Amino acid sequence: MAEVIWGLATSHVPSIGAAMDRGRTEDPNWKDLFDGYAPAQAWLAEHRPDVAIVVYNDHANGIDLDIVPTFGIGTAERYRVADEGFGQRPVPDVVGDPDLSLHLLESLVDEGFDLTVFQELDVDHGLTVPLSVWTPDPGDAWPCPVVPLLVNVIQYPQPTAARCYALGQALGRAIASYPEDVTVGILGTGGMSHQLAGARAGFINPEFDTMWLDTIGTDPVRLAALSREELIRQAGSEGIELIMWLIMRGAMNEQVARVHSHYFLPASNTAAGIALFDNRVPQPA
Amino acid sequence: MSTDATAGRFDVPGTPVFDGQTSRRGLRMNRMFMSLRSAENRERFLADEAAYCRDSELTPEQQQAVLDRDWQAMIDLGGSIFYVYKLAMMDGRSMQYLGGVFTGTTEEEFQAAMRARGRRDG
Ligand SMILES: [Fe+2]
């Protein structure tokens, strides 16, 4: 059976990828962020999974507003890096794992999560920036194949935090029932607090972000109880992306061990957070 | 048909909620913004913006907002910030510039506010 070995929650701000692509990680505006990633990257380099699942959202690059799937999954062999309007990021295309994708799909549909299937998908910064945070120098390939799991966080009504957490739990069971003996890393991406439009543009809420970072490992149920309104009020209209961390967390064990976390602002208009959890720790009897 | 269907759901001051009615209003304009990811379409757009807007079936108000680069109006007329940003990028404008527009400050002031740990409620 397959086993989740770690969960990595991280912001996926495009400017983080741009700073890496342009060699600006030592720039005074960025250094603290990238220094903050280093301990997680070192640990992850020692714990390479056979496959990763990246929970993310697209931003007008791979999909448009003609169809707005609440939840979706990629089932392709390969995902091209999207051209977001300024050329592709200079990072490798993403290799998929269609067998695992189709297993997860079937299992999740059987549990009542009727995912939309993406047989073709260009992946944008929402997926590639987290891969870069994990592996800053991938060379010509990412460390392992990747299954993209998409969430609508752009158009109201986004799925509720509770539904995301439940999807994560079902995802955890789906992974456990995969007959292959493979190890899995799972990435929950987006956030933290930010708002791009409106008179409240630029809104950041460090108290809320700190609470979220402190709680995601130990008491995700408390975060899953937050309403959309509360999330938009507290984290900003785009900060609601944080619901995707709950899918990652739901797929993990009840007890997880925090390996590392870091909080930084601003990454352009956004508070950037990272939290890495080891899933292989003793569980309560 | 209501054009302000978010009223009565919940109201977070200064916070546009991009909902289904907004997305219906903005569908064609957002689709046009997304088309600007390709260099070929950007060239066609820049050669004759009004014609490109008409071909994209924008409403007259949306077309005017685009021609005037009235970023607030684009949001009000159904633009999603992620889509509107495609046009801004084409113009060489940053998200901090747009933040300045939405908050009535300059790009520099907006950026300074972000560096000072962001803007807060009221
Ligand atoms: Fe995002």
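Refer to the structure presented above.
Small disclaimer: the values here were computed from a predicted structure and weren't measured. (Residues numbered from 1 in each chain as written. Chains lettered and ligands numbered in written order. Predicted model: local features only at pLDDT ≥ 70, side-chain atom pairs only at ≥ 80, totals over all residues. Heavy atoms only, no water.)

(A) Summary view of empty space enclosed by the protein. As enumerated under the stated definition, the model contains 2 cavities of 30 Å³ or more in all. Of the voids in this model, the largest cavity is the one considered here, and its volume is about 160 Å³. Its residues assigned to classes, the lining of the largest cavity shows 11 nonpolar, 3 polar and 2 charged. Roughly 30 Å³ of internal volume is contained in the second largest cavity. Around the second largest cavity sit Glu84 and Gly85 of chain A together with Leu36, Arg37, Arg42, Lys86, Met89 and Met90 of chain B, which together line it. Of all the elements, helix α6 (residues 81-90) of chain B adds the most residues to the lining of the second largest cavity, at 3 residues. Across the lining of the second largest cavity, the residue classes tally to 3 nonpolar, 1 polar and 4 charged. (1 Å grid on protein atoms, 1.4 Å probe; cavity = no way out; pocket = protein on both sides within 12 Å on 5 of 7 lines; lining within 4 Å. Points joined across faces, edges and corners; volume = space filled by probe spheres on them. Nonpolar A, V, L, I, M, F, W, Y, C, P; charged D, E, K, R; others polar. Helix = DSSP H or I, 4+ residues; strand = E, 2+ residues; numbered from the N terminus.)

(B) Local environment of the sheet that holds strand β5 (residues 94-95) of chain A. Residue and element names in this part refer to chain A. The strand order β5-β4-β7 describes an open sheet built from 3 strands, whose pairing is mixed. Strands with a single pairing partner mark the edges of an open sheet, and in this sheet they are β5 and β7 (122-123). Where strand β4 (residues 78-81) meets β7, 2 bridges bridge the pair, whose relative direction is parallel. Across the sheet, the residue bridging to Arg80 is Asp122, located in β7. (Pairing = 2+ DSSP bridges.)

(C) Layout of unusual backbone geometry. With omega at 0 degrees, the peptide bond leading from Tyr156 of chain A into Pro157 of chain A counts as cis. Relative to the helices and strands, Pro157 of chain A is located in the loop between β8 (146-151) and α5 (161-176). Phi is positive for Arg69 of chain B, which is not a glycine, with a value near 50 degrees. Tracing the backbone through its elements, the reader meets Arg69 of chain B in the loop between α4 (60-68) and α5 (71-76).

(D) Up close: the coordination of the iron ion. Residues and elements named next belong to chain A. On the protein side, the iron ion has His12 (NE2), His59 (NE2) and Glu241 (OE) as donor atoms, found 1.7 to 2.1 Å from it. Donor residues binding the iron ion come from one chain and are separated in sequence as H-x46-H-x181-E. In this pair, His12 sits in the loop between β1 (3-10) and α1 (14-21) while His59 sits in the loop between β2 (51-56) and β3 (71-74), placing the two residues 47 residues apart along the sequence. A relative accessible area of 3% places His59 in the buried class. (Donors = N, O, S within 2.8 Å, 3.2 Å for Na, K, Ca; no water. Buried < 20%, exposed > 50% of the residue type's maximum accessible area, 1.4 Å probe, protein only.)

(E) Spatial organisation of α5 of chain A. The end-to-end C-alpha distance of α5 of chain A is 23 Å, a good match for the 22 Å that 16 residues give at a rise of 1.5 Å each. Every buried residue of α5 of chain A is accounted for by Ala161, Cys164, Tyr165, Leu167, Gly168, Ala170, Leu171, Gly172, Ala174 and Ile175 of chain A. (Expected span 1.5 Å × (residues − 1).)

(F) Structural detail: the sheet that holds strand β9 (residues 183-189) of chain A. Residue and element names in this part refer to chain A. With mixed pairing, the 8 strands of this open sheet are ordered in space as β6-β3-β8-β2-β9-β1-β11-β10. With partners counted over all chains shown, the strands left at the sheet margins are β6 (116-118) and β10 (257-267), one partner each. Looking at each pair of strands side by side, their axes are set apart by 20 degrees on average, direction ignored. Against the sheet, α5 contacts β1, β2, β3, β8 and β9, and its axis sits at roughly 30 degrees relative to β3. The strands touched by helix α6 (residues 206-215) within the sheet are β10 and β11 (270-278), with β10 carrying the most contacts at an inclination of about 165 degrees. (Axes fitted to C-alpha atoms, helices over the stretch in contact; angles between N-to-C directions. Contact = heavy atoms within 4.5 Å.)

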